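Structural overview
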Amino acid sequence: MRAPPPLLKLTGIEKRFGGVVALRGVDFHLHAGEIHGLAGENGAGKSTLMKIIAGVHTDYSGGMELDGRPVRFRSARDALAAGIGMVHQELSIVPELTVAENVLLGAQPTNRLGLVNWRRMMTEAADHLQSLGISVDVRTPIGALPLGLQQMIEIARVIFSGARIIILDEPTSALSPPEIERLFELLRQLRAQGRSMIFISHFLDDILRICDAVTVFRNGQKVASSATAAIDKMWMIDHMIGAGHQELEESYLGEFQLKSRTHAPVVLEAEGLCVRGAFEDIRLQVHAGEVLGLYGFMGSGQLELTRSLFGKLPPERGRVRISGKEVRITSTAVAKRAGLAFLPESRRSMLFATEPVYRNISISILERLSPLWVKPATERAIAHEQVSALRIRPPNVELAVGTLSGGNQQKVALARWLTHLPHVLLLNEPTRGMDVGAKEDVVRIVRDLSARGVGVLVASTEPETVLALADRILVMKKGRIVHEFAEEAVSKDRLLAAA
Amino acid sequence: MEGSATKTASTLPPPRAESWFAAKLRNIAPFVTLIFLVALFSIASPSFATLDNLNNILQQISVTGIMAVGLTFVILTAEIDLSVASVANATGVVVAFFTAQDNSVNIANVPLAGWAAILIAIASSAALGAITAVGMTVIGIPSFIMTLAMLQIGAGICALLVRGQIAYAVPKLVATLGNGSLGPVPWIILVAAFVLAAAHVVLTYTRFGRYVYMVGGNREAAEYSGVNVRAIVAAVMIISALCSGLAGMLGVAHFGSAQQDEFDNYLLDSISAVVVGGTSLFGGQGGIGNTIVGLLVLGVLNNGLDHVNIDSFLKILIRGLILLAALIVNVYAQRLRSRRRAAAS
C-alpha cells in the first residue's frame, strides 16, 4: 500500500514454549510514522511477538529487519539501543523517585566525581517533557501523580532513551476518557515526529480511533491486516474469532439463554460502592440461587470489586447489605461472619501450599469445629467427604496441597466453603488455567451450590467462564457497570462488543 | 494433552528420599548439632557429662527459654520481637520497685504487698505488649521497628525506676520460683519446662495455635480464609511480652538483683535459640520442639566451652559462627521447599 520499504520487517516468525506453539509463520511490517494496532484474544500471540521485537524473547526462528538490515536482539537493552522501546501494562516506574529521576533513570547526568548532577537532571527532564507537551513539576514523586500522567512520563522515558519504535501494551485499559484523549494527543505528536508505535489493545474502539493500520492475531497466527480507514469493529471481531471456522465460530456466536432467578430474595445488595482507582458507583443485586456474572477486560475493576466485597480492599464509599442486613465490611473476618465466601484468582494466595489438604479445607470452618482444641479426626473426616464429593485427585487428605494439580487445588479451595454454606460465594476467575475436565467439575460444583440457594458472583476476564456459569451478566468497563444481559440470548461476540 | 495434567498429578510418585530430607532438614540439622556438641564436650572434659552439670545447663537456659517461648510464637507468624530482653528487664525492675527494699538501697520505691507487686509487673508487661500490638496492627508499623522502639521504651522505664541503683528484694513467690529448689531441682527449671510444655500444647492442639501456623505459612491465604490475621498477630505480641515479663521477674530473682541493662545478652540468645532450633524466620514452620533443641544447643555450647577451658574471647566468635551456620541451614531449607513448591504448581 505504501511505497517506502517498512521500517521494521518480520518474516516467518516461529516461537515455541516447550511443546506449545505460540507463534507460527508470522509476517509483520511496521512503517515509519505509523501507529499500528494489534488485536486478538488472550493467548493469540500478540504479546509474544512484541516481546520478540523488544528483545525479551531471544530464542525464536524467523528473520527481523530494521531499516533493511537484519537484526537479532539478545536482550531488551539491545533492542533499546537499536531504537525499540516497550511500555508495559505494569509500568516500570519507581513510584518513590521524582519524575526527573524516573525520566532519566539509568542515564542521570553526573559530575566528575560520579555524583548525580541534580540541577542538570531537573532541567534536562523538564525540557524533555516540555518538548512532548507534558507539563508537570519534575520534583514530584511520580507515585503521587495520576496513572495517565505516569504512563505518559514512562513513554517520555522510553523516547528519551532513544526509541524510534514504541510498543504500547494495553495503554488505555486503566485510563479515564480525558486521560485517553491526552495520551492520543501525545501519540499523534510522536507520529508527526516520524516515530512509529505498536498499539496492543483489547479496546477495539481505541484501536480504530488512533491507529493507521491494524493486524489481527488468532491462535499464534496473523489472520488479517488492513488500514483502519477501510474496516470497522465487526471486521476485527470476525477475524479475532475466525469466521469460517465452524467450531470456533460456534463458540463465539453460540447463544446462551440467560434465565433470571430474580423472584428469589436478594442475598447481596451493593449500592454506590467505590474504591478509588479500581471501580466506582457500583450497584448490583445477587438473588438466592442466582449466579451473577461480572465480565470485563483486564483492569475493568470486576476482580477488585469482589475482593472489596470480601473486605480485602474495604470499600471507601457505598453500602452493602447481606440477606437484608446492612454490613460495614472492614475486614475479611467481618465479611466471612456476615455470610460471604471468596476465592481469589490466584491459587497461590488462597492455599497453604505446604500444609496438608485437610487443613486447607478446615481453615475456614475451624471456629465452628473447635472452640478451643483442634479436632484433626473431625477435620480429616470432613475433608474426606469433600474430596470424594468433588472428586479431588489424588484422594489423599494428608498430601501437601502444593503437590496437587491446578484444577484439584481449585477444588480444595472451593471445598473450604462447602461444609457450611455461605449466603454468597464470590469467585474470581474460577476456571482459569484448568484443563477441560476440571473446568466442568468446577461448573458442576457452582451449579450445585446455586441450586442449594447460595447466591454466586463470578468475576472474570474470560467470556467463556461467565457464559458457562451465569444466569445474568453485568459487563464492567473501566470501573463501571456499563451493560446488563438478562432474560435474553447472549453470545461471546455480543459480550465482547459490550465491553 | 489437556487431560494429562490431572493424570500426572494423580500418579505422582511418593515423596523421594531427597525431598523427605529437604522437608526435615530444619529439624534434623539442629538435633545432629546437639548430639555432636554433647559428644565432643563429653570426650574433651570429664566434668561435662555429669548430672550436676546437666542441672547447671538447664538453669542457665531457663530464663532464655521462657523468653524464647514468646519469640517462637512471634517468629512462627513471620514477625520479630526485638524488645523481649528489654521488656524482661523492665518487668523485673517493676516488681522490685514495688517491693520493700533494704535501707541501703536508695530508690524512691513504693512497697506493696507481694501479690500486688507481681500483678502490677504482669500487667505492665502485658501493657507493653499491647502497645506493640496496637502499633503493628492498627497503625501498621512493621514489627522490626515497632519492637525496636519498644526496646528503647523498656530501657527507659528501667532507667527511670532504678536511676542507676541496684535493687535486691523481690516478692517471696518470685524469689522462690527464681532462686529456690524443689528437692534437687531448681524451681526455675520447672517453670521453664512448664511454660515450654504449655506453649507446645497451645501451638499444637488449639485453634489459636493452628491460626498462628497458618498466618505464618501464608498470611494472604489466611486472610482470604476469613481468619482475623490482625488479632492473631496482636495476640502473639502480647504473649511474647508476657513471657518476657515472667522471664524478667524470675531472672531478677535468679541473678539476685534488679538493675539497668542486666538482660542485654538475652535478646540475641533467645532469637538464636529459636532460629538455631530450626523454626523458620519466614514463618509457619517449626515450633516449641525446635526451640527446645535450639536452647540445648546454645546451653551446651556455652557451658561446654567453659569446661574445655577455651579462650573466653574466642567463645564469642564460636557462638557467632554457630548462629551463622544455623541461619544458612534455615535459609537453605526454605529455598529447597519453595523450589519444590514451584516444581509442584
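Definitions and limits used
- Residues numbered from 1 in each chain as written.
- Chains lettered and ligands numbered in written order.
- Predicted model: local features only at pLDDT ≥ 70, side-chain atom pairs only at ≥ 80, totals over all residues.
- Axes fitted to C-alpha atoms, helices over the stretch in contact; angles between N-to-C directions.
- Helix = DSSP H or I, 4+ residues; strand = E, 2+ residues; numbered from the N terminus.
- Parallel < 35°, antiparallel > 145°, perpendicular 65-115°, else oblique.
- Left-handed = near helix turned anticlockwise from the far one by under 90°.
- Contact = placed C-beta atoms within 7 Å.
- Buried ≥ 20, exposed ≤ 12 C-beta atoms within 10 Å, placed from the backbone.
- Domains from an automatic or database assignment.
- Pairing = 2+ DSSP bridges.

**Looking at the packing of helix α4 (residues 84-97) of chain B against helix α6 (residues 143-162) of chain B**
Residue and element names in this part refer to chain B. One can describe the packing of α4 onto α6 by two numbers: an axis separation of 8 Å at closest approach and a directional angle of 25°. If you check the angle between α4 and α6, you find them roughly parallel. Both α4 and α6 take part in a crossing whose hand is left-handed. In this structure, α4 uses Ser 86, Val 87, Asn 89, Ala 90, Val 93, Val 94 and Phe 97 to contact α6, whose residues at the interface are Met 150, Leu 151, Gly 154, Ala 155, Ile 157, Cys 158, Leu 161 and Val 162.

**A closer look at the pairing of strand β19 (residues 455-460) of chain A**
Across the six residues of β19 of chain A, six count as buried, placing the element largely inside the fold. By the alternation rule, side chains of β19 of chain A split into Gly 455, Leu 457 and Ala 459 of chain A and Val 456, Val 458 and Ser 460 of chain A, which are all buried.

**Structural notes on the domain arrangement of chain A**
It is common to give the size of an interface as the accessible area that goes away when the parts come together. Residue and element names in this part refer to chain A. One can read the domain layout of chain A as domain 1 (8-96 + 141-252) and domain 2 (256-498). Once you take the C-alpha centre of each, domain 1 and domain 2 turn out to be 34 Å apart. Counting residues per element, the ones that place at least two in the side of domain 1 that touches domain 2 are α8 (233-241) and α9 (246-253).

**Some words on unusual backbone geometry**
As a rule of thumb, non-glycine residues mostly have phi less than zero, and peptide bonds are mostly trans rather than cis. Residues and elements named next belong to chain A. Put simply, Arg 393 and Pro 394 share a cis peptide bond, and its omega is -10°. Assignment of secondary structure puts Pro 394 in the loop between α14 (376-389) and α15 (406-415). Positive phi, normally seen in glycine, also occurs at Glu 487, with a value near 50°. As for its placement among the helices and strands, Glu 487 is situated in the loop between β21 (480-485) and β22 (489-490).

**Some details on the environment of Gln 89 of chain A**
Residues and elements named next belong to chain A. Relative to the helices and strands, Gln 89 is located in the loop between β6 (84-87) and α3 (99-103). Judged by the 15 C-beta atoms lying within 10 Å of it, Gln 89 is partly exposed. As a C-alpha pair, Gln 89 and Pro 171 span 82 residues in sequence and 6.4 Å in three-dimensional space. With near-sequence residues (within four places) excluded, Gln 89 lies in contact with Asp 169, Glu 170 and Ser 173.

**What about the sheet that holds β6 of chain A?**
Residue and element names in this part refer to chain A. Pairing is mixed across the open sheet formed by six strands, whose spatial order is β6-β7-β8-β3-β9-β10. At either margin of the open sheet sits one strand with a lone partner, and together these are β6 and β10 (221-227). In this sheet, adjacent strand axes meet at a mean angle of 20° when their direction is disregarded. Examined bridge by bridge, strand β3 (residues 35-40) and strand β8 (residues 196-200) share four bridges and lie parallel to one another. Among the inter-strand pairings, Gly 37 is bridged to a residue of β8, identified as Phe 199.

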